Amino acid sequence: MTTTPTKATRAASPVAAPYAIPRVAPQRRWRPALVWLAVALVAAGGLIAAAVLRKVGTTAEYLAVSTRVEVGSVIDRSDLSTVRITVDPALKPIRASAADDVIGKYAAVAMVPGTLLTQTQLTDTAVPGQGQQLVGLSLPQERMPAERIKPGADVLLVVTADDGPVSNQQQTAAPISIKATVVDVRAGAKEGTTLLNVAVAERDGPLVASRAAAGRIVVALTTGN
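Only a predicted model underlies this, so the values are computations on that prediction, with no experimental measurement involved. (Residues numbered from 1 in each chain as written. Predicted model: local features only at pLDDT ≥ 70, side-chain atom pairs only at ≥ 80, totals over all residues. Heavy atoms only, no water.)

Our focus in this paragraph is the overall build of the chain. When its secondary structure is counted, the chain shows five helices and nine strands. Counted from the first residue to the last, the chain has its helices and strands arranged as α-α-β-β-α-β-β-β-β-α-β-β-α-β. Expressed as a percentage of its 225 residues, the buried residues of the chain come to 24%. If you sum the accessible surface of the chain, you get close to 16,100 Å²; carbon and sulfur atoms cover 58% of it. (Helix = DSSP H or I, 4+ residues; strand = E, 2+ residues; numbered from the N terminus. Buried < 20%, exposed > 50% of the residue type's maximum accessible area, 1.4 Å probe, protein only. Areas by Shrake-Rupley, 256 points an atom, 1.4 Å probe, with all protein chains shown as cover.)

Structure representation (structure tokens):
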């Protein structure tokens with residue numbers, strides 16, 4: 001005889017929960033080459049950071065100009081000061097320990113206070129040299145080449161004709177040109193002018209000075225500058 005479950009029996013019987021099938025996570029493959037590559041990159045990064053830190057954090061003492069020094073002046077100890085800085089590798093300042101080698105040399109260019117001292121600013125030869133004279137020329141832009149003239153450049157000083165009446169013989173004569181070497185370049189006292197200090201032969205000094213005062217000098221760059 002089959003017994004039919006009653007309503008109370010059905011309510012008392014527990015309902016079985018669904019069975020969850022466990023999932024197994026996929027196993028990752030071990031790649032030693034990638035691990036060693038990562039270790040090498042980390043080590044290289046650490047070495048680079050340490051080298052940069054040493055370079056940036058290292059300071060040294062260098063020579064600087066403390067007073068204005070004109071072209072041709074003898075460098076004295078009172079013209080120099082010592083600064084402790086970190087220098088860019090592109091710069092080549094003189095170490096403070098080399099001060100004794102600098103004193104007694106000549107200024108190849110005009111030096112202004114606060115600038116680092118470099119070998120290019122110094123010379124062993126007096127300026128002007130023996131048999132030369134130093135002449136200053138204050139020139140407007142139209143009497144100079146458009147290209148910037150730099151110290152050390154060889155130039156021709158061309159003497160232009162006077163504004164007064166000239167004879168036919170003077171008109172056909174070749175203009176006077178005098179060889180010179182640029183010693184220093186700076187802004188002129190008047191707006192739009194440039195001051196050139198040039199070294200010329202001693203015999204040409206008076207002529208260049210008088211023609212420059214009259215505004216009759218034009219500067220021409222020679223080949224090779």
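Within the secondary structure layout, leucine 195 lies in strand β8 (residues 193-201). Here leucine 195 falls in the partly exposed class, since its relative accessible area comes to 23%. Separated by 57 residues in sequence, leucine 195 and serine 138 place their C-alpha atoms 4.5 Å apart. Setting aside its immediate chain neighbours within four residues, leucine 195 contacts Gly136, Leu137, Ser138, Asp184, Val185, Arg186, Ala187 and Gly188. (Contact = heavy atoms within 4.5 Å.)

Okay, the confidence of the model for the chain next. Considering every residue of the chain, the mean pLDDT works out to 80; 76% of them sit at 70 or more. Here residues 164-169 is modelled with pLDDT under 50, and outside its nearest four sequence neighbours on either side it reaches one contact, counting other chains as well. (pLDDT = per-residue confidence, 0-100.)

Taken together, the side chains of Leu34, Leu37 and Leu41 present a nonpolar region at the surface, about 310 Å² in accessible area. Among the secondary structure elements, leucine 41 is positioned in helix α2 (residues 32-57). (Patch = residues over 30% accessible without salt bridge, like charges linked within 9 Å, V, L, I, M, F, W, Y side chains within 5 Å. Salt bridge = Lys/Arg side-chain N within 4 Å of Asp/Glu carboxyl O.)

Bringing the pairing of strand β7 (residues 176-187) into the picture now. Bridge count between strand β6 (residues 154-159) and β7: six bridges; the pairing is antiparallel. Its bridge partner lying in β7, aspartate 154 is registered against threonine 181. Taken together, the seven bridges between β7 and β8 define a ladder with antiparallel strand orientation. By the bridge assignment, arginine 186 is partnered in β8 with leucine 195. Here β7 folds back onto β8, and the loop between the two strands holds five residues, one of which, glycine 192, carries a positive phi near 85°. (Pairing = 2+ DSSP bridges.)

Right, let's talk about the layout of surface pockets for a bit. In this structure, the second largest pocket occupies an estimated 250 Å³ of space. Lining the second largest pocket we find 16 residues, and of these Ala108, Val127, Thr181, Val182 and Val183 sit closest to its centre. When residues in the lining of the second largest pocket are grouped by element, the largest group, three residues, is from β7. Residue classes in the lining of the second largest pocket are distributed as nine nonpolar, seven polar and no charged. (1 Å grid on protein atoms, 1.4 Å probe; cavity = no way out; pocket = protein on both sides within 12 Å on 5 of 7 lines; lining within 4 Å. Points joined across faces, edges and corners; volume = space filled by probe spheres on them. Nonpolar A, V, L, I, M, F, W, Y, C, P; charged D, E, K, R; others polar.)

Every buried residue belonging to helix α5 (residues 205-213) is among Gly205, Val208 and Ala212, and all of these are buried. Buried residues of α5, seen end-on, are gathered within an arc of 70° and therefore sit on one face of the element. Along α5, exposed side chains directed more than 90 degrees from the buried face belong to Pro206 and Ala213. Of the surrounding elements, those touching the buried residues of α5 are β5 (132-140), β6, β7, β8 and β9 (217-221). With its phi angle positive at about 70°, glycine 215 sits one or two positions after the end of α5. (Arc of directions from axis to C-beta.)

Attention now moves to the nonpolar core. Leu137, Leu157, Leu196 and Val198 are the most contacted members of the largest nonpolar core, which totals 19 residues. Broken down by secondary-structure element, the contributors of at least two residues to this core are β5, β6, β7, β8, α5 and β9. When sequence neighbours within four positions are dropped, the list of residues in contact with valine 198 reads Gln133, Leu134, Val135, Leu137, Leu157, Ala180, Thr181, Val182 and Val183. Core analysis: the second largest hydrophobic core is formed by 13 residues, Val69, Leu80, Met111 and Leu122 among them. (Core = buried A, V, L, I, M, F, W, Y, C linked by side-chain atoms within 4.5 Å.)

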